[in-house]
Amino acid sequence: MGWRDKQVPTPSSPSGKPVAHSPADPVPAAAVRDQLARLVNSPGLVSSARLCRFLTHIVNRTIDGDIDSLKEFSIAMEVFDRTSKYDPNIDAIVRVEARRLRAKLKVYYEEGQGTVDPVLIGLRPGSYVPVFRWLDPQPPKHREEIGTAPKPGAVCVAVLPFVNMSPEPEQDYFCDGISEEITNSLTRISGLNVIARTSAFHFKGANIDIREVGQRLGANLVIEGSVRKAGEQLRVTVQAIQTQSGHHIWSETFRHQLRDVFAIQEEIAQTVADLLKLHMPEVRGPVRSSLHDLDAHTRYLRARFLIHQQSPETLHAALEQLRKLTETYPDYALAYSGMATASGILAQFGMVSGREVYPEVKANAERGYALDPESGDTCTVLGALRFWFEHRWDEAEKLYDRALQLQPSHALAHTFRAMTLLCRGDISAAESGLRRSTELDPLSASDCARMAYLHYVKGDYPSAEEHLRKSFELDRDYPEARFYEGLLHFQQQRYDAVIQCLSTSTSPLDIGLLAAAHAQGGSLSRAEECIERLHQLAGRQYVTPLAQGFAAIGTGNFDLAFQCMDEAIAHKTNFVNLLAIEPFFHPLRTDRRFAKLLKKLSLSH
């Protein structure tokens, strides 16, 4: 009989309420798992993927009654990826990490949030078998958790793209900008869920019943409107609609001079917030004033409109516009963050070398944050620099946390924070963060693809396939999803499926993976053809060394693979940050050179 089978249900009083537990009472498995979740997501442990993995392993083995396996040698192999040649007399990894874990647990229960937790998980000196016992109940303390899911029944608001009623069709960027600024203002209000731009703009130009919009977005309140701009005159009509009933609960028309556009945006956002506060006391916080120069703001909106299209041509055009903008307005923070974003996207999709754009990305991200540290956008962009380019993981997480303190509904901050945690091996916390992001951005092909990737890393292939299907429904040509689909099929050893989904791609990473699939499928000649394609492509555009690395792993040329991986890190190729958890790289893990690569990325083995 396992440990789990020996436990008794939590006793209740005649009223049905849980009674106080004696420390000697057995702790049910469910209560232990709840406490484990609190621990691995606590500030002291969440940043240490290695300790979280260690703790989770010994707790789960104990729950399953398998305490005989909790020996130093077994833990070294199963938790710390040591081989059968492991010698505890030479390598003290398990003992060292056990001491660190005991110290972290002591601080958590004596000084951290564990002072009010119901269950103790402890680790005695000289033993790797954890102990579980009830703690004396203490009065709960108020704690605010960044990024946690809202209470059931909380209001979720979506701001749809405002309709351009102006004579000039090119004023679309201006209408989009008003919608986005209102969305941005609302994300600062605590207790309110705000649907991200990507999902809300999915309905741009569509004639769909508002009740269906609410259902697809998970929103129970929709803000929509129209903008008419004629010369210096501006008319903005706005209405708030309950999605379940379709009833209008507020409508207003604002007629102002164009120079008053910021006041209009602020007034609309504040009116919506005031409406919600009547029904939801937990909705609180002021709407931040927009203190922009109209000309600077208008030029920024044009550039941001181009960034959202994410093609190489529009990204380069946006960069040029933003550079000119900063020449005229050198203190305009969002312009610098916008330049960092555009350059970062070019590197992320392999259009340019990350090493080539890094100095400019760094300068612009840091300048934007220095000019406006109270913006969720500038915090998120600087966090992305620390994460993707510099591997300064703790600093990145702090910046994302700050962004979410400032703007709790900032979907991109949730996404980037989750991906940072995933790179560090904290899959549980990453999944929680991505789930939160998809709640705020349910129609984002990118978020669906990244959730698919997380399930792929977990080995949950059916869930990965389901999320990929959703991503392709939203964008059938989304390159990130296509690449993840290839990786999934490769791990399933469905090499024909890899070839089918990637054979027409011109993306270097796709071609490298395609070469690996041909090699593993038994066709080395086809693999060589793909490698030759990479060489030819490199004569016309930038090709990351990681593409050649993928091909080398597939063909079993591990010396070349390590050389290419090392070069990819030097080139600041984004995907290499996933080295510690990406299954495709598993054939390299037992080689001592793998640990050296991880060290360069400031990641644990």
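Presented here is an overview of the structure given in this document. (Residues numbered from 1 in each chain as written. Predicted model: local features only at pLDDT ≥ 70, side-chain atom pairs only at ≥ 80, totals over all residues. Heavy atoms only, no water.)

**Some details on the pairing of strand β1 (residues 119–122)**
Residues Val119 and Ile121 point to one face of β1 and Leu120 and Gly122 to the other, with burial holding for every one of them. Bridging between β1 and strand β2 (residues 131–134) involves four bridges; their strand directions are antiparallel. Bridged to Leu120 within β2 is Arg133. (Buried < 20%, exposed > 50% of the residue type's maximum accessible area, 1.4 Å probe, protein only. Helix = DSSP H or I, 4+ residues; strand = E, 2+ residues; numbered from the N terminus. Pairing = 2+ DSSP bridges.)

**Some words on the side chain of Thr326**
With respect to the helices and strands, the residue Thr326 is situated in helix α11 (residues 312–328). Separated by 2.8 Å, the side chain of Thr326 and the backbone oxygen of Arg323 make a polar contact. Setting aside anything within four residues of it in sequence, one finds Thr326 in contact with Ala335, Tyr336 and Met339. (Polar contact = N/O pair within 3.5 Å; in protein donor to acceptor, adjacent residues only side chain to side chain. Contact = heavy atoms within 4.5 Å.)

**Focus on the environment of Glu466**
Tracing the sequence through the fold places Glu466 in helix α19 (residues 461–474). Overall, the relative accessible area of 32% leaves Glu466 in the partly exposed class.

**Brief notes about the packing of helix α23 (residues 524–538) against helix α24 (residues 545–555)**
Contact geometry for α23 and α24: axes closest at 10 Å, N-to-C directions at 165°. One finds that α23 runs roughly antiparallel with respect to α24. Crossing of α23 against α24: the hand is left-handed. Where α23 approaches α24, its residues Ala527, Ile531, Leu534 and His535 are matched on the opposing element by Ala547, Gln548, Ala551 and Thr555. Class assignment of the residues belonging to the contact of α23 with α24 gives a composition of five nonpolar, three polar and no charged. (Axes fitted to C-alpha atoms, helices over the stretch in contact; angles between N-to-C directions. Parallel < 35°, antiparallel > 145°, perpendicular 65-115°, else oblique. Left-handed = near helix turned anticlockwise from the far one by under 90°. Nonpolar A, V, L, I, M, F, W, Y, C, P; charged D, E, K, R; others polar.)

**Structural notes on the pattern of salt bridges**
Under the defined criterion, the tally for this structure stands at 37 salt bridges. Between Glu180 and Arg197 there is a salt bridge; the shortest N-O distance is 3.1 Å. Taken together, the positions of Glu180 in helix α6 (residues 172–186) and Arg197 in helix α7 (residues 197–200) put the pair 17 residues apart, joining distant regions of the chain. Owing to a relative accessible area of 22%, Arg197 belongs among the partly exposed residues under this scheme. One salt bridge connects Glu395 with Arg386, and the closest N-O pair in it is separated by 3.4 Å. (Salt bridge = Lys/Arg side-chain N within 4 Å of Asp/Glu carboxyl O.)

**Topic: the packing of aromatic side chains**
A full pass over the atoms with the stated rule returns 21 aromatic pairs. Aromatic pair Phe483 and Phe575: ring centres 5.3 Å apart, planes at 75°, arrangement edge-to-face. In this pair, Phe483 is assigned in helix α20 (residues 479–491) and Phe575 in the loop between α25 (558–570) and α26 (592–600), connecting sequence segments 92 residues apart. Consider the rings of Phe550 and Phe585, whose centres lie 5.8 Å apart with planes at 50°: the pair is tilted. Within this pair, whereas Phe550 is found in helix α24, its partner Phe585 is found in the loop between α25 and α26, the two being separated by 35 residues in sequence. The exposure class of Phe550 is buried, given its relative accessible area of 0%. Using a relative accessible area of 0% as the deciding quantity, one classes Phe585 as buried. When the ring centre of Phe201 is taken as origin, the NZ or CZ atom of Arg197, which lies over that ring, is 4.2 Å away. In this structure, Lys572 packs its charged tip against the face of Tyr358, placed 4.6 Å from the ring centre. (Phe/Tyr/Trp six-rings, centres within 6.5 Å; stacked < 30°, edge-to-face > 60°. Lys NZ or Arg CZ within 6 Å of the ring centre and 35° of its normal.)

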